Structure formats: structure tokens, C-alpha cells
Amino acid sequence: MSQLKKSMDECFVQEGKMSLPNQYFAGRVGSKFIIALRDEKKILGVRCPECGLVYCPPREYCDKDLTKLDENWVDLSSEGVITNFTVVNYNDKHLPRKAPFVLALIKVDGADTPLGHIVEGIDPALVQIGMRVKAVFADQTTNTIRDIDHFEPLT
Amino acid sequence: MAEYFGSKVEDIFNTMPARFLPQGVAGVDVVIGYDISGEGGGRWTVTIRDATLAVAAVAELPKCSVVLISDPETFVGSALGKIDAAEAFGAGKIKFTGDITAVLNVLPKAFSPFKPVVRAGAIIESMPERFKPEKAEGVNLKIGYDLSGADGGAWTMLIKDGTCTLKNGLDSDCTVTMRMAADVFVGLNTGKIDPAAAFGGGQVKIEGDIMAAGTTAKLFGKFEAAGAQEKKGEELISLKCIPTINQRFATGTHMGKWFAGLKDKRIVGTRCPQCHRVLVPPSEVCAICRVRTDDFVEVGPKATVCQIDTVYYASPDPLSGQVRHTPYAGAYMVFDGGTPYESFAMEINPKDMDRIKPGMKVRPVWNTERSGTFTDLLYFEIDD
């Protein structure tokens, strides 16, 4: 450690910021999903005609049997159940809320796979797996998954 | 023959060979009969066996695995998706006799979906709508179209005083007359046939003023097949964004010395106490001997070029997101007083890009404003 001590005088810290220009294409399936959230305030899923699994968020191919799924759209409920969650305890500007806030996996009724989203309207310490929540749609569209603003507990 | 939703019953059967998907029907052996009674209807058999397809129009249906009975409108409508086939079946407008599962399981895998057949007549008849008067100022033309084949016909189009009028039949006094098979005409208008090949290969015969024929294309908007618009209307979401990630770079003990050196226009390295090689920029540990290297030495600032890299494709600068101007070049160099083969890489002055060669002497060009960061050293240039 003595070596560190003698040369610390010229150590310094440089603050920086990395920018990553990005173009995100939602794809045909993703676009239809977002557009339904935006225009109809409706959560859509796709059902695999082979194994019957309902994906929400929808995807183009089934995980299990690689069947193409983009034709089998199903309307899902805007209510669901928390299957897992985490409490975000730090602040950063890429994060959608000020800490502490809850990010949860929510399986909406009718779907077999969970959707990641924010849960609000409850003390993060009281969130539990199995809790029922419902989607609150955003007033202003961003053409993203955040056309659902957040989920909140069903009272 | 009667058309339903712009298509004929026979179109569905005539396009089957082109829509056939042999890989979807391995092991299938069926004869499907179609009994479509009504105007434009008829009877057909579709035989799928050993991954091959045979379609035939017949007077009487032979023994079939299954027979589909419908009327022309329902049949065409459900093929185009304009009529819900399940509903039509429920309402008794589509009936089956025989093994219905042969139809339900085989057909969706055997054929790609039916799309309306584009007919020459439809293209010609849409020309007055696609006419652009503003492009036709002073144009006075009489164009004859003589299209041979099943869907062919003859039309005369008069372009005069910024108007476009179309009539059936071929006038004898046309400025230019174009003769070709109707399917070639369709291919040209839908972009499936290359005009140069069609004209050069003699598939299109032009009589009269060839130059006038060449000018007609710009007088009309592009032909778009019915149904093509629906597809075009599909909204797709694509977002552009520049996410940023905050970074914190701590120099540590040795790079701190390096940056302090740059501020004073000095190049600093470390010498390994065991192998005595000089590491530039300074490294805390000699990667070969695995011992701490705390012996700071000053080298350069001039150096000898070992190798040059010219970059023609630039990745975005991670700090600004901007893509830099290409080409640019960097050089691997050994500082005076450094160890051979222990090279340092740095950009070179763009003006020297064409001249620089291995073995040349280079000198650093310093930023006038230096704050102990990596922009203090701008680049190296040929020392002459």
C-alpha cells in the first residue's frame, strides 16, 4: 500500500457521459401492440396455435416450438397479478421514476408470460408477489410501452 | 367472366401452381374437388400427391377426398379475406362433403395466400386517373395499346391540351402504337419485368414515334394494385433516441501521471524493474513479468512509425454520438528512448495520410488548451 500512497498525488477523476445514437424498430408485432395501447387503451397478446401459450408482450415466434405467432392476436385484460418485483433504490436519469420505486413483472389476465412495468400507488415495502394490479394508461403517447403509465393495486 | 372483389374464380385456381408450397405438404395425398356454381364458377380438381400439385378444370367431378361446394362470390371473397370463411361455413354458404380435415389441415400449409391478379385492362383504365396534367403541357399524342393474350385488348389514348381520354379499340392514326402480350404489359407496370430487357428482347413492339413512347412514362403516376394500399397503410413504430450513460473515469496512480505529463507536453512511461521494457502509457503492472512497475521515465516526444491503420468506416464517437469524417489514419509508433515493439497508437495528422510510411519520424501536435486529459495530445505528424 505504500506504493499507492506515494503516487496518489496525481490521481484524479474525470466525469463523462456516453451517448449512444440508437434507432429502435418495434417490428410489425411490437408496433401493433404499442398502437393498441396508444389508440384503444387495450393490452394485446399473441397465442401460439401450436402450444396455446399466450405471450404478452407479444412476440413474433413462440419460444417453445418456434411457431410464427403474428396472426393470433388476443385481447387481454388490463388487470393482472404481480409475479415478481424489485425495488429500485438509486436515482439515475435513464430511470423512469425517482427512487424508491417498484419495477414488477405483471401477468395480465389471459396471458401466460409477464410484462415488466412500474407499480405505483403503494408503499414499495408493502408490494407482494400475487398482488392484483391494473394498468393506468398514459395521457400523452410516447409510442412506447410507457403508453401504459404504470400499474396500480386493485382496491 | 364475372369478377368478384376484382378477381375471378379461375384466378384462384390459375395462381395455385405459383402459390404452391411443396415443403408444406410432405406425405399428403388428397384430391380436393371444387364445385362453384354460379356466374363465373365451374368445377375444378386439385390433386396434391408426393409434394406435387395438379390443378384441372373438369366438367364432372371424379371421386374426391373432399368436395367444397360454394358460390363464386363467397369463394372469391373468402380467398381474399373479404368474407369470413368460418361465418360463411356457419351460414351454409360453404359446404363440404367428405373428409373436411383434409381441407382444414392441408390447404393453409399448401398455398401462400391468394392475392388479386392484376389485369392489363385495370392498368389501362386507371391511366386517366393517374394522368398528371401539369407534366403534359404542350403534349399532343395519340397512343395505341394492342395487347394480346387472354386478358388483352386494344385501347387508344388521346393526350391533348392537358387532358387524357381513353377509348376502346385501336385508331389507325396513332402517334405511336405499342404491341405486346398483356402479361408483359402487366409485368412492366408492376415492376416485375425490366423495361430495358422487354424492349431490347423484342417483347414490346413499337410502331410510330419511338421518342414519344419514351415520354409517356412521366405523364402518369405509378400504378398501384388494389389491396397494395392496405399493406402500405400499416403503421410501424420506429423510434430514434440518444440514450446517455453517465461515466466516471478514475485515472488511478499511473494514468494520473500520464495525464499530468500531457498537460506539460511530456510523454511518460514506466520501466519494468525485471525486463526493463518501457510501457507507454504507464502501466501499473508489467503483464509479462507480473511485477509492479513504479519507475516512471520520460520518453519521446518524437517517435518512429511501425505501422499505419487507415479507417474507412467509423463507429460513432461514444462521447458525442457523432460519426467522424472518414477516412482517417492512426499509427503505431515507438517513442525515442522507448523499447522496440512496445508501440503506442495515436491518430496522425490527416494531411500526412498519403505520405506516411513505416520508419518515418513523427512528432506530437499539442492542443493549445491542455487540462490533463486525452484531448491534450491532438495527433502526430511527420517530423520533417
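The shown structure was predicted, so the numbers you read here are calculated from the model rather than taken from an experiment.

Considering the overall build of chain B
- On a plain count of helices and strands, chain B comes out with twelve helices and 20 strands.
- A burial count over chain B gives 25% of its 384 residues as buried.

Some details on the overall build of chain A
- The helix and strand tally for chain A stands at two helices and ten strands.
- Ordered by position from N to C terminus, the α and β elements of chain A give α-β-β-α-β-β-β-β-β-β-β-β.
- In chain A, which comprises 155 residues, the proportion classed as buried is 23%.
- Long-range pairs, those at least 24 residues apart, make up 49% of the contacts in chain A with a sequence separation of at least 6.

Considering unusual backbone geometry
- Note the cis peptide between A99 of chain A and P100 of chain A, where omega equals -5°.
- Mapped onto the elements, P100 of chain A comes out in the loop between β6 (79–88) and β7 (101–108).
- Residue P281 of chain B is bonded to the preceding V280 of chain B through a cis peptide linkage, with omega at -5°.
- With respect to the helices and strands, the residue P281 of chain B is situated in the loop between β14 (278–279) and β15 (295–299).
- Even without being glycine, N143 of chain A reaches a positive phi, approximately 60°.
- Structurally, N143 of chain A is set in the loop between β9 (132–137) and β10 (148–153).

Describing the interface of chain A and chain B
- In this complex, chain A contributes 29 residues to the contact, which on the side of chain B involves 30 residues.
- For the side of chain A that touches chain B, the elements supplying multiple residues, two or more each, are α1 (2–7), β1 (13–19), β2 (22–25) and α2 (27–40) of chain A.
- Looking at the side of chain A that touches chain B element by element, the count peaks at seven residues for β1 of chain A.
- Of the residues contributing to the side of chain A that touches chain B, the split by class is 13 nonpolar, twelve polar and four charged.
- In this sheet, strand β11 (residues 238–241) of chain B lies alongside β2 of chain A in antiparallel orientation, the contact comprising four bridges. Counterpart to F25 of chain A in the pairing with β11 of chain B is S238 of chain B.

Focus on the pairing of strand β4 (residues 66–70) of chain B
Residues and elements named next belong to chain B.
- Examined bridge by bridge, strand β1 (residues 29–36) and β4 share five bridges and lie parallel to one another. For D35, the partnering residue across the bridge sits in β4 and is I69.
- Examined bridge by bridge, β4 and strand β5 (residues 94–98) share five bridges and lie antiparallel to one another. Residue pairing across strands places L68 opposite F96, the latter belonging to β5.

Considering the sheet that holds β14 of chain B
Residues and elements named next belong to chain B.
- Read across the sheet, three strands follow the order β14-β13-β15 without closing on themselves; strand pairing throughout is antiparallel. Each of the sheet's edge strands pairs with one partner strand only, and the pair in question is β14 and β15.
- Here strand β13 (residues 267–271) runs beside β15; their pairing, made up of five bridges, is antiparallel. Directly across from I267, in β15, lies its bridge partner V299.

Side note on helix α8 (residues 182–189) of chain B
Residues and elements named next belong to chain B.
- The element α8 is extensively covered by neighbouring structure, given that six of its eight residues are classed as buried.
- Among the residues making up α8, those that are buried are A182, D183, F185, V186, L188 and N189.
- Along its buried surface, α8 packs onto α6 (120–125), β6 (141–148), β9 (176–181) and α9 (195–200).
- Immediately downstream of α8, the backbone of G191 shows phi near 80°, a positive value.

Some thoughts on the sheet that holds strand β18 (residues 344–347) of chain B
Residue and element names in this part refer to chain B.
- Taken in spatial order, the five strands make up an open sheet running β18-β17-β16-β19-β20, and their pairing is antiparallel. What marks the edges here is a single partner per strand, and that holds for β18 and β20 (377–382). On average, each strand axis in the sheet is tilted by 40° relative to the strand beside it, whichever way the strands run.

Quick word on the nonpolar core
- Ranked by size, the top nonpolar core spans 27 residues in total, and within it I43, C56, I106, V108, V119 and F151 of chain A carry the most contacts.
- Within the residue set of this core, elements represented by two or more residues are α2, β3 (43–47), β7, β8 (115–119), β9 and β10 of chain A.
- The dominant element in this core, judged by the number of residues it contributes, is α2 of chain A, at five residues.
- In terms of nonpolar packing, the next biggest core, distinct from the first, is built from 24 residues, I123, M127, L141 and F220 of chain B among them.

Regarding helix α12 (residues 252–263) of chain B
- The end-to-end C-alpha separation of α12 of chain B is 17 Å, in line with the 16 Å expected for twelve residues at 1.5 Å each.
- With its phi angle positive at about 60°, K265 of chain B sits one or two positions after the end of α12 of chain B.

A look at the environment of T15 of chain B
All names here are of chain B.
- Structurally, T15 is set in the loop between α1 (9–14) and α2 (16–19).
- Among the residues examined, T15 registers 19 C-beta atoms within 10 Å and is labelled partly exposed.
- Distance in space between the C-alpha atoms of T15 and F114 is 7.7 Å, their sequence separation being 99 residues.
- With sequence-adjacent residues up to four places away left out, T15 is seen in contact with F114 and V117.

With respect to the confidence of the model for chain B
- Per-residue pLDDT for chain B has a mean of 85; in total, 96% of the residues score no lower than 70.
- The ipTM, which scores confidence in the relative placement of chains, is 0.76 for this predicted complex, and the corresponding pTM is 0.42.

Side note on the environment of C275 of chain B
Residues and elements named next belong to chain B.
- Position of C275 among the secondary structure elements: in the loop between β13 and β14.
- Overall, C275 belongs to the exposed group, with 12 C-beta atoms counted inside 10 Å.
- In this structure, the C-alpha to C-alpha distance between C275 and C289, residues 14 residues apart in sequence, is 7.1 Å.
- Leaving out residues up to four positions away in the same chain, C275 has contacts with C286, I288 and C289.

What counts as what
Residues numbered from 1 in each chain as written. Chains lettered and ligands numbered in written order. Predicted model: local features only at pLDDT ≥ 70, side-chain atom pairs only at ≥ 80, totals over all residues. Helix = DSSP H or I, 4+ residues; strand = E, 2+ residues; numbered from the N terminus. Buried ≥ 20, exposed ≤ 12 C-beta atoms within 10 Å, placed from the backbone. Contact = placed C-beta atoms within 7 Å. Nonpolar A, V, L, I, M, F, W, Y, C, P; charged D, E, K, R; others polar. Pairing = 2+ DSSP bridges. Axes fitted to C-alpha atoms, helices over the stretch in contact; angles between N-to-C directions. Core = buried A, V, L, I, M, F, W, Y, C linked by C-beta atoms within 7 Å. Expected span 1.5 Å × (residues − 1). pLDDT = per-residue confidence, 0-100.

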